[in-house]
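What the coordinates show
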Amino acid sequence: MARKGLIQRENKRQKLEQKYHSIRRSSKKEIRQVLSLSDKWEIYGKLQSPPRNSAPTRLHRRCFSTGRPRANYRDFGLSGQILREMVHACLLPGATRSSW
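All values reported here derive from a predicted model rather than from experimental measurement.

1. So, the environment of Leu92
With respect to the secondary-structure elements, Leu92 resides in the segment after helix H3 (80–88). Remark: the alpha-carbon pair of Leu92 and Arg52, spanning 40 residues in sequence, is separated by 37 Å. The contact partners of Leu92, leaving out residues within four places of it in the chain, are Phe76, Leu83, Met86 and Val87.

Below is the structure:
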């Protein structure tokens, strides 16, 4: 189980990213449209003004049940450990366990 503080920090980053998403998208669109280099530098400065934690690259996918940050499967939203346990318990329809 992940520490509660780490999960809360990740939730805070998600909220910040949603808040500043439109600002980032509009400034990136302006950069593509502007031709002069000096104007682009000003827009880049605007793009750097939002908080760092509002950048989408700072987000980390976590396990839905345990909050584990590593070995996550996007299709299920679970970490590998929990996914394996649920498959063996036949709790995930359509997922088969393999052994060789």
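There's more to say after this.
2. Some thoughts on the nonpolar core
Counting residues in each nonpolar core, the largest one holds six residues, listed as Cys63, Leu78, Ile82, Leu83, Val87 and Leu92. A total of three residues in this core trace back to one element, the largest contributor, which is H3. With residues near it in sequence (within four places) discarded, Leu78 still touches Cys63, Phe64, Ser65, Ala71, Asn72, Tyr73, Leu83 and Met86.

3. Observations regarding the environment of Leu47
Among the structural elements, Leu47 can be located in helix H2 (residues 37–48). For Leu47, a relative accessible area of 16% translates into the label buried. Sequence separation between Leu47 and Ala71 is 24 residues, and the spatial gap between their C-alpha atoms is 32 Å. Here Leu47 is in contact with Arg24, Ser27, Lys28 and Ile31, once residues within four sequence places are set aside.

4. Observations concerning the domain arrangement of the protein
Domain assignment breaks the protein into domain 1 (1–59) and domain 2 (60–99). Here the C-alpha centre of domain 2 lies 30 Å away from the C-alpha centre of domain 1. In this complex, domain 1 contributes seven residues to the contact, which on the side of domain 2 involves six residues. At the boundary of domain 1 with domain 2, the tally comes to zero salt bridges.

5. Notes on unusual backbone geometry
Peptide bonds are mostly trans, and most non-glycine residues show a negative phi. Non-glycine residue Ala71 carries a positive phi angle of around 55°. Residue position: Ala71 is located in the loop between H2 and strand E1 (72–73). If you check the backbone angles, Cys90 has positive phi at about 60° while not being a glycine. Relative to the helices and strands, Cys90 is located in the segment after H3. Assessed through its relative accessible area of 66%, Cys90 is described here as exposed.

Conventions adopted
- Residues numbered from 1 in each chain as written.
- Predicted model: local features only at pLDDT ≥ 70, side-chain atom pairs only at ≥ 80, totals over all residues.
- Heavy atoms only, no water.
- Helix = DSSP H or I, 4+ residues; strand = E, 2+ residues; numbered from the N terminus.
- Contact = heavy atoms within 4.5 Å.
- Core = buried A, V, L, I, M, F, W, Y, C linked by side-chain atoms within 4.5 Å.
- Buried < 20%, exposed > 50% of the residue type's maximum accessible area, 1.4 Å probe, protein only.
- Domains from an automatic or database assignment.
- Salt bridge = Lys/Arg side-chain N within 4 Å of Asp/Glu carboxyl O.

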